[in-house]
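Remarks on the overall topology
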Amino acid sequence: MTLISRQTAKRVLEKLAQAYPDARCALNHQNAFELLIATILSAQSTDARVNKVTEGLFQKYRTPEDYASLTPEILQEDIKELGLYRSKAENIVAACRILMEQYGGQVPVSREELMKLPGVGRKTANVVLSVAFGVPALAVDTHVSRVANRIGLADSDNPLQIEQQVCSLVPKKLWSNAHHWLIHHGRRVCTARKPQCDSCPLQAECRYYKQEQKKAGKRPASSA
């Protein structure tokens, strides 16, 4: 299916920027390392639940060295409220040992190096690059995937392809902002079940809304 035009994408971004001027990363953190840990923990868990866990975790363990000295079994007790806590504990301990052994306890500023760490995929790497280091990157989570496909910024189920398609329509300087705007829109309006299309500011641009209106025999809003 054909993606929306660059001109339409520009209008989408302008409306999202207006709707969510304060959009930012919802994971609480004070530095790149804490963001890395929080993002690893966020897999199949809500940001709110992760923030609840890290509130105590980040007071107890502050540096890669602290985590590297643990066994996964010890860390499991601190994060067992989260899904996949056993594998997350193993990955975090292993990743922190690598940070200590190969990077002097510093989080690398490279997608390739970040993705070599256990538990770090492209999405997590992009979050760290974008939020912690200000490197233009667009992380694709379930919200970004859903909203981008509905609007017409993407047409794929593959996260990498979605990232490439959205980035082809969005100026590089706005990749990080677009990531946050799409997430906020997905949480507040373009929800997985029963999206609030009637109150959505993107009616004139959204491919999904136009299709639904057509199915219902209604005339969609004009994008002119």
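Residues numbered from 1 in each chain as written. Predicted model: local features only at pLDDT ≥ 70, side-chain atom pairs only at ≥ 80, totals over all residues. Heavy atoms only, no water.

1. A few points about the overall build of the chain
For the chain, the count of helices and strands is twelve helices and zero strands. Secondary structure elements of the chain occur, N-terminal to C-terminal, as α-α-α-α-α-α-α-α-α-α-α-α. Against the 2.2 N^0.38 benchmark of 17 Å for 224 residues, the chain shows a C-alpha radius of gyration of 19 Å, consistent with a compact globule. Across its three principal axes, the chain shows a C-alpha extent of roughly 60 × 30 × 30 Å. For the chain, the share of sequence-separated contacts (at least 6 apart) that also reach a separation of at least 24 residues comes to 59%. For the chain, the computed accessible surface area is about 11,800 Å², with 48% contributed by carbon and sulfur atoms. Side chains of the chain give 31 positive and 22 negative charges; the mean places of these two sets differ by 10 Å. (Helix = DSSP H or I, 4+ residues; strand = E, 2+ residues; numbered from the N terminus. Rg over C-alpha atoms; globule rule 2.2 N^0.38 Å. Contact = heavy atoms within 4.5 Å. Areas by Shrake-Rupley, 256 points an atom, 1.4 Å probe, with all protein chains shown as cover. Lys, Arg positive; Asp, Glu negative; His and termini not counted. Charge placed at Lys NZ, Arg CZ, Asp CG, Glu CD.)

2. What about helix α2 (residues 32-41)?
Across the ten residues that make up α2, a large majority, ten, are buried. All of the buried residues along α2 are A32, F33, E34, L35, L36, I37, A38, T39, I40 and L41. Against α3 (47-60), α4 (64-68), α5 (72-79), α6 (85-103) and α8 (122-133) lie the buried residues of α2. Where α2 begins, the capping side chain belongs to N31, and its oxygen is found 3.2 Å from the backbone nitrogen of F33. (Buried < 20%, exposed > 50% of the residue type's maximum accessible area, 1.4 Å probe, protein only. Polar contact = N/O pair within 3.5 Å; in protein donor to acceptor, adjacent residues only side chain to side chain.)

3. Considerations on the environment of L27
With respect to the secondary-structure elements, L27 resides in the loop between α1 (6-19) and α2. Assessed through its relative accessible area of 5%, L27 is described here as buried. When the C-alpha positions of L27 and K15 are compared, they lie 24 Å apart, and in sequence the two are twelve residues distant. In contact with L27, other than residues within four places in its own chain, are A38, T39, S42, D47, V50 and N51.

4. A word on α6
Compared with the 27 Å implied by 1.5 Å per residue over 19 residues, the 25 Å span of α6 between its first and last C-alpha is a close match. Among all positions of α6, only K88, A89, I92, V93, A95, C96, L99 and Y103 are buried. Angularly, the buried residues of α6 cover 165° about the axis, an arc narrow enough to put them on a single face. Facing away from the buried side of α6 by over 90 degrees, the exposed positions are R86, E101 and Q102. Where α6 is buried, its residues meet α2, α4, α5 and α7 (111-114). (Expected span 1.5 Å × (residues − 1). Arc of directions from axis to C-beta.)

5. Thoughts on the nonpolar core
One finds I37, L57, Y67 and L75 to be the most contacted residues of the largest nonpolar core, which totals 37 residues. Mapped by element, the contributors of at least two residues to this core are α2, α3, α4, α5, α6 and α8. Excluding residues that lie within four positions of it along the chain, I37 makes contacts with L57, F58, Y67, I92 and C96. Ranked by size, the runner-up nonpolar core spans 29 residues in total, among them A9, V12, L169 and C200. (Core = buried A, V, L, I, M, F, W, Y, C linked by side-chain atoms within 4.5 Å.)

6. Notes on the packing of aromatic side chains
The tally for this structure, following the rule as stated, stands at two aromatic pairs. Each ring, one from F33 and one from Y67, has its centre 5.6 Å from the other, and the planes form 65°; the classification is edge-to-face. Residue F33 is found in helix α2, and its partner Y67 is found in helix α4; the two are separated by 34 residues along the sequence. With a relative accessible area of 7%, F33 lands in the buried category. Between Y61 and Y67, the aromatic rings sit 5.4 Å apart at their centres with planes inclined by 55°, giving tilted as the arrangement. In this structure Y61 comes out as buried when scored by relative accessible area, which is 9%. (Phe/Tyr/Trp six-rings, centres within 6.5 Å; stacked < 30°, edge-to-face > 60°.)

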